[in-house]
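# Observations on the model geometry
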Amino acid sequence: MKMTFYGQFVAGEDQEAIKPLIRRNQAFGVGAVLDYSVEEDLSAEEAERKELDSCTSAAEKEMGGAEQREKQYRAHRGFGDRRGGVISARTYFYADEAKCDQHMETFLRCIDASSGSSEDGFSAIKLTALGRPQFLLQFSEVLVKWRRFFNQMAAEQGQAGRAALEMKLEVEKLQTGQLEPLLSRFTEEEDLQMKRMLQRMDVLAKRATEKGVRLMVDAEQSYFQPAISRLTLEMQRRFNRDRAIIFNTYQCYLKEAYDNVTVDVELSRREGWHFGTKLVRGAYMEQERERAAQIGYEDPINPTYEKTNEMYHRCLDYILEEIKHSRKANVMVASHNEDTVKFTLRRMMELGIHPSEKKVYFGQLLGMCDQITFPLGQAGFPVYKYVPYGPVKEVLPYLSRRAQENRGFVQRANRERDLLWREVKRRLLAGSLFSPEH
């Protein structure tokens, strides 16, 4: 197994085993975003049961009040298994608070491993690993309703462009979990669960700051994402005063991506902290579309791949312009699309952003698109591999989906091998193995 698919897409079993690969990549100018890719191997039924239980509040179970929430922000049985249709992202299901503490300890070890194995490294985390998803669902709904309210108020006053900027969520003390305004109808235990989630985030951010490691908060499903983004932004406000330590992720297949990026960049500009982001196209498209269609709310995804490309380039260009003007923004272009990489390089040159400033990073998955990653590293651009690691048995769920995504990989690799072998034989026969003929 280690010599086949595991060896292609996973760096090793633990933080010691991955060091040779990381050092080898560093020799070519390629850094690492460490991602401990272990998942529970749950059946669909187990995943569904866990999700429905952890996304429904005690009050809703008792009073049956879930119907009062908007459709998008309710748990639905047919979509309880969030792995459905998702290939390239690992998934966490809530078990209990002790399990969340275990996940936090895993992320802490990942931060330590990143610090110990590379300079200027990144470590990836997911907020659904750190707490009960019910909190993220309810919080997301509250945020979206606030945004609508402020948009309506601003439109009536002729200030539509400034609407969302006036929306303030204050997390006064993340470490004690004092969240204002408090979400209604939380039991004492649910309130404690929410506070513990915020405390875990705080512990991770502090460790990343101490170790000089950037913390990459992954994006998740659209019904969790408003809360994830807002909590990440609060971490940025606290920890990105001197440099970008906390990086948010924006999914450019979302119709609202550009609005979200511009509002957050503007807020960072007004408050004087360093904006850090990873731009992706998105990993949940098939699931998101099907959920919206079946449950009956507006599809949050752009209608076509071309529209998503346009959105990606539009968001990216806005951030690059911000880098030119303030030098306080930072972006990772997480893309396997060669046109997007060429677009970024061209715009960097036009805007006078030099790779040595380390404001623009590039990122690709381990085992994929080396023809993009390594030339960028050799040319002096900050470029990173997203490096999954973990024991063979425990990363099998991740690998099985990666195999689905790359079912054409083996054929492509075989074709490349055949072409190379044909060229070697031709040169042997011509007596020019070590001297190209042109």
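Sequence order sets the numbering: in each chain, residues are counted from 1 along the sequence as written. Side-chain atom pairs in this predicted model are given and counted only at pLDDT of 80 or more, local residue features only at pLDDT of at least 70, and totals for whole chains, interfaces and linings cover all residues. Only heavy atoms go into the side-chain values, all of them from the structure, while hydrogens and water stay out.

### Examining the overall build of the protein chain
Each helix is a run of H or I in the DSSP string that is no shorter than four residues. Each strand is a run of E no shorter than two, and both are numbered from the N terminus. Secondary structure summary: the protein chain contains 15 helices and ten strands in total. Three exposure classes are used, based on accessible area relative to the maximum for each residue type with a 1.4 Å probe and protein chains only: buried under 20%, partly exposed in between, and exposed over 50%. Split into buried and exposed, the 438 residues of the protein chain put 54% on the buried side. The Shrake-Rupley method, run with a 1.4 Å probe sphere, supplies the accessible areas, and residue values consider only the shown protein chains as cover. Carbon together with sulfur atoms contributes 52% to the accessible area of the protein chain, which is approximately 20000 Å² in total.

### Observations concerning the nonpolar core
Within soluble globular proteins, side chains that are nonpolar generally end up buried alongside one another. In plain words, nonpolar cores are sets of buried Ala, Val, Leu, Ile, Met, Phe, Trp, Tyr and Cys residues tied together by side-chain atoms within 4.5 Å. Of all hydrophobic cores here, the largest spans 35 residues; its most connected members are Leu279, Val360 and Phe362. Where this core is concerned, the elements lending two or more residues are α9 (257–271), β7 (275–280), α11 (305–326), β8 (329–334), α12 (338–351), β9 (360–365) and α13 (370–378). At seven residues, the largest contribution of residues to this core is made by α11. What leucine 279 contacts, discounting residues up to four positions off in sequence, is Tyr250, Cys252, Tyr312, Cys315, Leu316, Ile319, Val331, Met332, Val333 and Ala334. Of all hydrophobic cores here, the second largest spans 32 residues; its members include Leu108, Ile111, Met197 and Phe239. In what follows, a contact means two residues having at least one pair of non-hydrogen atoms within 4.5 Å.

### A word on the confidence of the model for the protein chain
Per-residue confidence for the protein chain averages 79 on the pLDDT scale, and 68% of its residues sit at or above 70. Below a pLDDT of 50 lies the segment residues 163–183, which in the model reaches 59 contacts outside its immediate sequence neighbourhood of four places, other chains included. Low confidence marks residues 433–438, where pLDDT is under 50. Its contacts with residues over four positions away, or in another chain, come to seven contacts. For every residue, the predictor assigns a confidence score, pLDDT, that lies between 0 and 100.

### Observations concerning the packing of α11 against α12
One can describe the packing of α11 onto α12 by two numbers: an axis separation of 11 Å at closest approach and a directional angle of 25°. The angle between the axes of α11 and α12 places the two elements in the roughly parallel class. Crossing hand, α11 versus α12: right-handed. Each of Tyr312, His313, Leu316, Asp317, Leu320, Glu321 and Lys324 in α11 lies in contact with α12, whose residues at this interface are Asp339, Thr340, Phe343, Thr344, Arg347 and Leu351. Every angle, taken between N-to-C directions, lies between 0 and 180 degrees, and every axis is a line fitted to C-alpha atoms, over only the stretch in contact when it is a helix. Throughout this description, any angle smaller than 35 degrees is read as roughly parallel, any larger than 145 degrees as roughly antiparallel, any in the 65 to 115 degree range as roughly perpendicular, and the remainder as oblique. Crossing handedness: left-handed means the near helix sits turned counterclockwise from the far one by under a right angle, and right-handed means the same turn made clockwise.

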